Amino acid sequence: MDRQAVMQEQDLAPPVALPMLSPAARRRQLKEKAIAAIITAVAFTGIAALVLILVFVAKEALTLVTDASAREEASFAKMFLPQLVRKGKPLAYVWQPVSGVPKVSMIPLFIGTLKTTAVSMVVAVPMGIFGALFAAEFAPRRLREVLKPTIELLAGIPSVVLGFFALMVMATFLQETFGFTSRLNAVVAGLGLALAIVPVIFTVTEDALTAVPRSYREASLALGATPWETAWKVVLPAAAPGILAACVLGFGRAIGETMIVLMASGNAAIVSANLGDSVRSLSATIAAEMGEVVVGSPHYALLFFIGVELFLFTFVLNMLAGVWTKKVIQRLKGGAG
């Protein structure tokens, strides 16, 4: 039979009847489509809200570039290079935006933010990771059922309560113990931040450790490794991407935290490597000065520019963490690192 005859036979064949859906099946199909549409709309609403926030913050900060008077008062040179504060004195970094001659150096704010964040991460990362390792690998089941919810409960404590605790209790105790000159300083603020980010690091790390396949542990123990060696040399490396994600989340929480730093740091923009000196962070500066700033002024645009800087910090950190995570996953799978 030639090709033309086959095509004619197919044309003459009766169409295949599609099965008819019952009314209940149609309603279920419409319901599923409606649910999918609602979920999609909610997801796009969250993305749109984030984009609008970024656009608004960037638009307000753009005044520093488009307005001549704002550029003169808060140029990039004045923000990042040492300036003459007083005649006969050396150049210095000073944050004093409300004065006859505004001084808008960002360096003291960078230093204060990094000092408080570094103290918090040095304390919170070991506590969160080793606490999660104990809960996931060594704690009895009953103790684990009590330990995990108790630590996660700390995440529900308002930051203003932690800041008040750091201000009234920790500051006095640390000054009497270590003899700090300033009662409120980077150490007090950093320890207060550590209380806020330990639950984040603990929860995400514990989930990552629990997700490691049990076959990894059984194979390690079968080869003669002790439970501690298995946890340290097998489970922890296998959960490294999740642990890194926990640290990144904790760092983002610490660098953007406002109330704890505002209440416990002393709010003094000092350029110093001493952790016992008072500090002023980027986020606390926005919270402390936004309520009294003149809308549309260079100072107003400068505070929004600080918000852009915080966003860039966290964005770059997340991007670097993502690249490192991919390399770790490739190495664990035996691919090229």
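Residues numbered from 1 in each chain as written. Predicted model: local features only at pLDDT ≥ 70, side-chain atom pairs only at ≥ 80, totals over all residues. Heavy atoms only, no water.

Some points on the overall build of the protein chain
Formally: In DSSP terms, a helix is any run of H or I states spanning at least four residues, a strand is any run of E spanning at least two, and both are numbered starting from the N terminus. For the radius of gyration, the atoms used are the C-alpha atoms, and the globule rule reads 2.2 Å times the number of residues raised to 0.38. Exposure is judged per residue with a 1.4 Å probe applied to protein chains only, and the accessible area is read against the type maximum: over 50% gives exposed, under 20% gives buried, and values in between give partly exposed. In what follows, residue pairs with any heavy atoms lying within 4.5 Å of each other are defined as contacts.
Each helix and strand in the protein chain was counted, giving 15 helices and two strands. Against the globule reference of 20 Å for 337 residues, the protein chain gives a C-alpha radius of gyration of 28 Å, more extended than a compact globule. With respect to the three principal axes, the spread of C-alpha positions in the protein chain is 105 × 65 × 45 Å. Going through the 337 residues of the protein chain one by one, you find that 35% of them count as buried. Sequence separation of at least 24 residues holds for 70% of the intrachain contacts in the protein chain that already meet a minimum separation of 6.

A closer look at the packing of aromatic side chains
To keep it simple, the criterion reads: Classification of ring pairs uses Phe, Tyr and Trp, with its six-membered ring standing for Trp, and accepts pairs whose centres are within 6.5 Å; under 30 degrees between planes counts as stacked, over 60 as edge-to-face, and the remaining range as tilted.
Per the stated rule, a full pass over the model turns up 11 aromatic pairs. Ring centres of Phe110 and Phe313 lie 5.8 Å apart, and the angle between their planes is 65°; on these two criteria the pair is classed as edge-to-face. Of this pair, Phe110 sits in helix H6 (residues 107-138) while Phe313 sits in helix H15 (residues 298-332), and the two are 203 residues apart along the sequence. Cluster of aromatic residues (ring-pair linked, three or more members): Phe76, Phe80, Phe110, Phe305 and Phe313.

A few points about unusual backbone geometry
With a phi close to 55°, Asn267 is a non-glycine residue in the positive phi region. Tracing the sequence through the fold places Asn267 in the loop between helix H13 (259-264) and helix H14 (282-289). Note on Asn267: relative accessible area 23%, which makes it partly exposed.

Brief notes about the nonpolar core
Filter applied, for reference: Only buried Ala, Val, Leu, Ile, Met, Phe, Trp, Tyr and Cys residues count toward a nonpolar core, and they belong to the same one when joined by side-chain atoms within 4.5 Å.
Grouped together as the largest cluster of nonpolar side chains are 31 residues, with contacts concentrated most on Ile129, Leu209 and Ile243. Mapped by element, the contributors of at least two residues to this core are H6, helix H9 (186-210), helix H11 (227-238), helix H12 (240-256) and H13. If one sorts the elements of this core by residue count, H9 sits on top with nine residues. Filtering out sequence-adjacent residues up to four positions away, Ile243 remains in contact with Ile129, Thr205, Ala208, Leu209 and Leu236. One finds Met106, Phe110, Ile255 and Leu303 within the second-largest nonpolar core, a separate group that totals 23 residues.

Thoughts on the pattern of salt bridges
Convention followed: Every case where a carboxyl oxygen of Asp or Glu lies within 4 Å of a side-chain nitrogen of Lys or Arg is listed as a salt bridge.
On inspection of all chains with the given rule, the structure shows eight salt bridges. Two residues, Glu137 and Arg217, come together in a salt bridge whose shortest N-O distance is 2.7 Å. Note that Glu137 is positioned in helix H6 and Arg217 in helix H10 (residues 214-222), a separation of 80 residues in sequence. Glu137 sits in the partly exposed class, given a relative accessible area of 22%.

Overview of the environment of Leu133
Residue position: Leu133 is located in helix H6. Put simply, Leu133 and Leu282 are 149 residues apart on the chain and 33 Å apart in space, counted from C-alpha to C-alpha. Not counting residues within four places of it along the chain, the set of residues in contact with Leu133 comprises Phe138, Leu209, Trp228, Ala231 and Leu236.

Some points on the domain arrangement of the protein chain
Short version of the rule: An automatic or database domain assignment provides the domain bounds reported here. The term buried area means the drop in 1.4 Å probe accessible area that two parts suffer when joined, counted for both and summed. In the analysis that follows, any N or O atom pair within 3.5 Å is treated as a polar contact, provided that within protein one partner can donate a hydrogen and the other can accept it, and provided that, for residues neighboring in sequence, both atoms belong to side chains. Residue classes follow a fixed rule: Ala, Val, Leu, Ile, Met, Phe, Trp, Tyr, Cys and Pro count as nonpolar, while Asp, Glu, Lys and Arg count as charged, and any other residue, Gly among them, counts as polar.
In terms of domain boundaries, the protein chain breaks down into domain 1 (31-66) and domain 2 (103-335). Summarising the inter-unit geometry, the C-alpha centres of domain 1 and domain 2 are found 27 Å apart. On the domain 2 side, the residues contacting the eight residues of domain 1 number nine residues. Of the roughly 670 Å² buried between domain 1 and domain 2, counting both surfaces, carbon and sulfur atoms make up 88%. On the domain 1 side of the contact with domain 2, Val57, Glu60 and Leu64 bury the most area, a combined 57% of that side's loss. Where domain 1 packs against domain 2, one counts zero salt bridges. Inspection of the region where domain 1 meets domain 2 yields zero residue pairs in polar contact (both at pLDDT 80 or more). Mapped by element, the contributors of at least two residues to the side of domain 1 that touches domain 2 are helix H2 (23-61) and helix H3 (63-66). The greatest single-element share of the side of domain 1 that touches domain 2, amounting to six residues, is contributed by H2. Grouping the amino acids of the side of domain 1 that touches domain 2 by side-chain chemistry returns six nonpolar, one polar and one charged.

Some points on the packing of H10 against H11
Between two packed helices, what matters for the description is the angle formed by their axes and the separation of those axes. Rules: The axes used here are C-alpha line fits, helices contributing only the stretch in contact, and every angle between their N-to-C directions lies in the interval 0 to 180 degrees. Here the angle decides the label: under 35 degrees means roughly parallel, over 145 means roughly antiparallel, 65 to 115 means roughly perpendicular, and every other value means oblique. Helix crossings get a hand from a simple test, with the near helix turned counterclockwise from the far one by less than a right angle marking a left-handed crossing and a clockwise turn marking a right-handed one.
With their axes 10 Å apart at the nearest point, H10 and H11 run at an angle of 140° to one another. Considering their axes alone, H10 and H11 lie oblique with respect to each other. Crossing geometry of H10 relative to H11 is assigned as right-handed. For the pair H10 and H11, contact is made by Tyr216, Arg217, Ser220 and Leu221 and by Pro227, Thr230, Val234, Val235 and Ala238, respectively. Residue composition of the contact of H10 with H11, by class: six nonpolar, two polar and one charged.

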